[in-house]
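Per-entry structural report
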Amino acid sequence: AAMYSGAAAGPPRRDFISVTLGPEEAVGVGGYNNSKAWRRRSCWRKWKQLSRLQRSVILLLFAFLAVCGVISYTSMGEAWKSITNKSLDDQRTEQEIPRLKLANPAVLPAPQKADANHGDYPELSLQKPPKLSHVRRGPSNLQIKAPQRDTRVKTRHDTMRAVEELVQEDKGEKTEKSIISWRGAVIEPDQSTEPPSNKIMEPEKPSSVEAEDQKEPVPINERQLAVIEAFRHAWKGYKEFAWGHDELKPLSKSYSEWFGLGLTLIDALDTMWILGLKEEFEEARKWVANDLVFDKNVDVNLFESTIRILGGLLSTYHLSGDSLFLEKAKDIGNRLMPAFKTPSKIPYSDVNIGRGTAHPPRWTSDSTVAEVTSIQLEFRELSRLTGDEKFQKAVDQVMKHVHTLSGKNDGLVPMFINTNSGQFTHLGVYTLGARADSYYEYLLKQWIQGGKKENELLEDYMRAIEGVKKHLLQRSEPKKLTFVGELAHGHFSAKMDHLVCFLPGTLALGAHNGLAADHMKLAEILIETCYQMYAQVETGLSPEIVHFNLHAQKGHKDVEVKPADRHNLLRPETVESLFYMYRFTGDKKYQDWGWEILQNFNRYTRVPTGGYTSINNVQNPSNPEPRDKMESFFLGETLKYMFLLFSDDIDLINLDKYVFNTEAHPLPIWVP
Ligand code: DMJ
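Residues numbered from 1 in each chain as written. Predicted model: local features only at pLDDT ≥ 70, side-chain atom pairs only at ≥ 80, totals over all residues. Heavy atoms only, no water.

The protein goes by alpha-1,2-Mannosidase in an unreviewed UniProt entry, where it is assigned to Aegithalos caudatus. Annotation of the protein in UniProt includes, under Pathway (unreviewed entry), the sentence "Protein modification; protein glycosylation." Listed in UniProt under the heading Cofactor (unreviewed entry), the comment for the protein reads: "Ca(2+)". (UniProt positions renumbered as here; feature names shortened; annotations may be inferred.)

Shown next, in the form of structure tokens:
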């Protein structure tokens, strides 16, 4: 090695400083004497041989290097100090957050608590942004266009920033306003302070119209392809044997009518859009344009036609931007309005959409609580889109009224409500299953839809989940599965409808939106139970209702099935919850469970000539007893949630922009 010095004056002259090489380098250079004395002597001799100038340069150089060393030592010290302080801050934050939680403990009742398998749910998760590492940040290859540019993709940077903000809050910089709590709920400040706004704004454009740049396509994976194949097979049967009718009867190659409004076709529109089935979508659109007529002397169920038809049309309008669907939505929305002309303003269950008359079922003046409280997302959105406030007013009034009613049990509602008196009837029976289920779902979802401002909805939701924990949770034997039972006049029943399996997904959605972290924990243990309702049954398909064993008995599983309950209607709830769980945790086991379920649908419910059928006996793999009916929600919900579950693209219906109605039709979250 040599160092060139050009510092000397006069004619250029090369001065060399020789550097003694270490042993390895010196090997092979010639004779080799590496004794200490020799090295010392040789160095000294060389130093002496240098000119004065050379010596001065070298000394100067050493002095310069020494100064640099001192400076860099001081600045590294500062940096080190700040790193150390930061990590202390971090530790402090971690310790203070649990303290915040302790102020509002939301603990599962003792028997359900702390299943070791599930570990600790990270404390920060109660307000932390979703885990996004598993999801593709790439765009979708579909035409779904996100409504808001700024929030479309959450980057790691965003995640870090959110955590930092949390730390800031925790340090007291936002002090009093930073967090409000409601019996275990911890809510982000901006979600909680403003009063609800009932004002209908200017008519809105569909979310897809406010489109942004085309995104790069995200490739569809094998499992998604299998869903597309299943959908096509189902559609083939519908198209050949039931086109334009409500439901396919795949075995008899015919159809059944419920409302006579092409229910399956409308329910499936947005699924086709999401799956990218353009041809099928176009063909169905033609039918909507030319053949869908609501001016018919026919009684329809308010709830069913709202969630399937109105919801389906609205979401298809948003995804496609095609005003045909909005026109049709307005038409059906207007025709359903007579249902609200009751003494109590609690709507009747049935409406004649041609005549404009409404009535309760023949045998009673009661309506079902779930039905009158699960039409809000759709009517509210219709008001927002049309600028006509009557739709929203009608359904908000129902919620406000139910909010004030007595007869609840720690937030749990009875199953019936009288359209004359406006009071709950048949008091004392509480379930999260049929007739009450989507009341709970829509409390949370309306709160999300409206921008997390309507505190009464949130209060009712939080109170209800506390009620579930207090009255309805139990653990089964032998696997100690936590399940949601029912309460009838003070007596606990270990019965759980498959319908209840919407709950893990809803709880996870709430936790994702900043609610109590223990909701996520409960979601995790409940989805395991819902999965077991499939896995413990001979066909791997869940029955409509199960009873859980509360006591260990030799040879008995957790799940018992009564002969009257062993049918499967191709329902979506478990797959729906699996989708939410996968989106929020990235845990692949949820995809695997969904995959098993899809395979079992293919094994036991697929009809070779086209379509899928509900079955009567999930316990008999050699003869599951086909029922000869394909429910519209199989295409509207079950296959859609399957497809989304298998996708790693969070922008394929981004859950920070859309909220699914109870029939899996995504509607936009309102942005101020
Ligand atoms: C669907 O119509 C909706 O999901 C509703 O909320 C419950 N029943 C069916 C699916 O099971």
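From this point, the narrative continues.
**Some remarks on the layout of surface pockets**
Computed from the structure, the second largest pocket encloses a volume of approximately 1000 Å³. Surrounding the second largest pocket, 39 residues form its lining, Phe-303, Glu-304, Glu-371, Ala-434 and Arg-435 being those nearest its centre. Among the secondary structure elements, those contributing two or more residues to the lining of the second largest pocket are α8 (302-320), β8 (366-368), α10 (369-372), α13 (437-449), α17 (573-585) and α19 (632-645). Split into classes, the residues belonging to the lining of the second largest pocket amount to 13 nonpolar, nine polar and 17 charged. (1 Å grid on protein atoms, 1.4 Å probe; cavity = no way out; pocket = protein on both sides within 12 Å on 5 of 7 lines; lining within 4 Å. Points joined across faces, edges and corners; volume = space filled by probe spheres on them. Helix = DSSP H or I, 4+ residues; strand = E, 2+ residues; numbered from the N terminus. Nonpolar A, V, L, I, M, F, W, Y, C, P; charged D, E, K, R; others polar.)

**What to know about the state of the cysteines**
Under the criterion given, the structure shown has one disulfide. Residue pairing for Cys-501: its cysteine sulfur links by disulfide to Cys-530, the two sulfurs lying 2.1 Å apart. Given an S-S torsion of about -100 degrees, the disulfide between Cys-501 and Cys-530 has left-handed geometry. Residue Cys-501 is found in the loop between β16 (495-497) and α15 (503-512), and its partner Cys-530 is found in helix α16 (residues 517-535); the two are separated by 29 residues along the sequence. Taken individually, Cys-501 and Cys-530 each receive the classification buried, so the pair is uniform in this respect. (Disulfide = S-S within 2.5 Å. Buried < 20%, exposed > 50% of the residue type's maximum accessible area, 1.4 Å probe, protein only.)

**Description of α8**
Here α8 contains 19 residues, and its C-alpha end-to-end distance of 25 Å stays within 8% of the 27 Å for a straight helix at 1.5 Å per residue. At Gly-311, α8 is deflected by roughly 30 degrees, the largest bend along its length. Counting buried positions along α8 yields 18 of 19 residues, so the element is predominantly enclosed. N-cap assignment for α8: the residue whose side-chain oxygen lies 3.0 Å from the backbone N of Phe-303 is Asn-301. In the stretch just after α8, Gly-321 is the one whose phi turns positive, near 75 degrees. (Expected span 1.5 Å × (residues − 1). Bend = angle between axes of the 7 residues up to and from the residue. Polar contact = N/O pair within 3.5 Å; in protein donor to acceptor, adjacent residues only side chain to side chain.)

**Let's talk about the packing of aromatic side chains**
Scanning all chains against the criterion turns up 22 aromatic pairs. Seen from their ring centres, Trp-258 and Phe-259 are 4.6 Å apart, and the 25 degrees between their planes marks the pair as stacked. Overall, Trp-258 belongs to the partly exposed group, its relative accessible area being 38%. In this structure an aromatic cluster arises from ring pairing among Phe-579, Tyr-580, Phe-584, Tyr-641 and Phe-660. (Phe/Tyr/Trp six-rings, centres within 6.5 Å; stacked < 30°, edge-to-face > 60°.)

**Concerning the side chain of Asp-648**
Within the fold, Asp-648 resides in the loop between α19 and β19 (658-660). In this structure the side chain of Asp-648 is engaged in a polar contact, spanning 2.4 Å, whose partner is the side chain of Tyr-582.

**Some remarks on the site of the ligand**
Taken together, Ile-307, Arg-308, Leu-499, Arg-571, Pro-572, Glu-573, Phe-633, Glu-637, Thr-662 and Glu-663 make up the full set of residues adjacent to the ligand. Contacts to the ligand include Arg-308, whose side-chain N or O atom sits 3.4 Å from an oxygen atom. Between the ligand and Glu-573 there is a distance of 2.6 Å, counted from an oxygen atom to a side-chain nitrogen or oxygen. Taken atom by atom, the bulk of the ligand overlaps the second largest pocket. Going through the elements one at a time, α8 and α19 are the ones with two or more residues in the shell around the ligand. Its residues placed into classes, the shell around the ligand shows four nonpolar, one polar and five charged. (Near = heavy atom within 4 Å. Sits in = over half its atoms within 2 Å of the grid points.)

**Quick look at the pattern of salt bridges**
One pass over the full model with this rule turns up 29 salt bridges. A salt bridge links Asp-270 to Lys-640; its shortest N-O distance comes to 2.7 Å. Of this pair, Asp-270 sits in helix α6 (residues 263-275) while Lys-640 sits in helix α19, placing them 370 residues apart in sequence. When sorted by exposure, Asp-270 lands in the same class as Lys-640, which is buried. Salt bridges sharing common partners tie together Asp-295, Asp-331 and Arg-335. (Salt bridge = Lys/Arg side-chain N within 4 Å of Asp/Glu carboxyl O.)

**So, the pairing of strand β17 (residues 545-548)**
The two faces of β17 match: Ile-545 and His-547 on one face and Val-546 and Phe-548 on the other face are all buried. Here β16 runs beside β17; their pairing, made up of three bridges, is antiparallel. Paired with Asp-497 across the bridge in β17 is Ile-545. (Pairing = 2+ DSSP bridges.)

**As for α19**
Across its 14 residues, α19 extends 20 Å between first and last C-alpha, which sits within 8% of the 20 Å expected from 1.5 Å per residue. α19 sits mainly inside the fold: 14 of its 14 residues count as buried.

**Side note on the nonpolar core**
The nonpolar side chains of soluble globular proteins are, as a tendency, buried together. Leu-269, Phe-379, Leu-432, Val-484 and Met-496 are the most contacted members of the largest nonpolar core, which has 156 residues in total. For this core, the leading source of residues is α16, giving ten residues. With residues up to four places along the chain from it excluded, the contact list for Met-496 reads Phe-483, Val-484, Cys-501, Cys-530, Met-533, Glu-544, Ile-545, Val-546 and Phe-548. (Core = buried A, V, L, I, M, F, W, Y, C linked by side-chain atoms within 4.5 Å. Contact = heavy atoms within 4.5 Å.)

**A look at the UniProt feature "active site" (unreviewed entry) in the protein**
Under the UniProt annotation, "active site" (unreviewed entry) lies at Glu-304, Asp-437, Glu-544 and Glu-573. Of the annotated positions mentioned, Glu-304, Asp-437 and Glu-573 line the second largest pocket. Along the chain, Glu-304 falls in helix α8. In this structure Glu-304 comes out as buried when scored by relative accessible area, which is 14%.

**Description of the packing of helix α5 (residues 222-241) against α6**
Where α5 meets α6, the axes come as close as 12 Å, and the angle between the chain directions of the two elements is 150 degrees. Taken together, the axes of α5 and α6 are roughly antiparallel relative to one another. Between α5 and α6 lies a crossing whose hand is left-handed. Within the contact between the two elements, α5 uses Val-227, Ile-228, Phe-231, Trp-235 and Tyr-238 and α6 uses Thr-264, Leu-265, Ala-268, Thr-271, Met-272 and Leu-275. Among the residues making up the contact of α5 with α6, the classes are represented as nine nonpolar, two polar and no charged. (Axes fitted to C-alpha atoms, helices over the stretch in contact; angles between N-to-C directions. Parallel < 35°, antiparallel > 145°, perpendicular 65-115°, else oblique. Left-handed = near helix turned anticlockwise from the far one by under 90°.)

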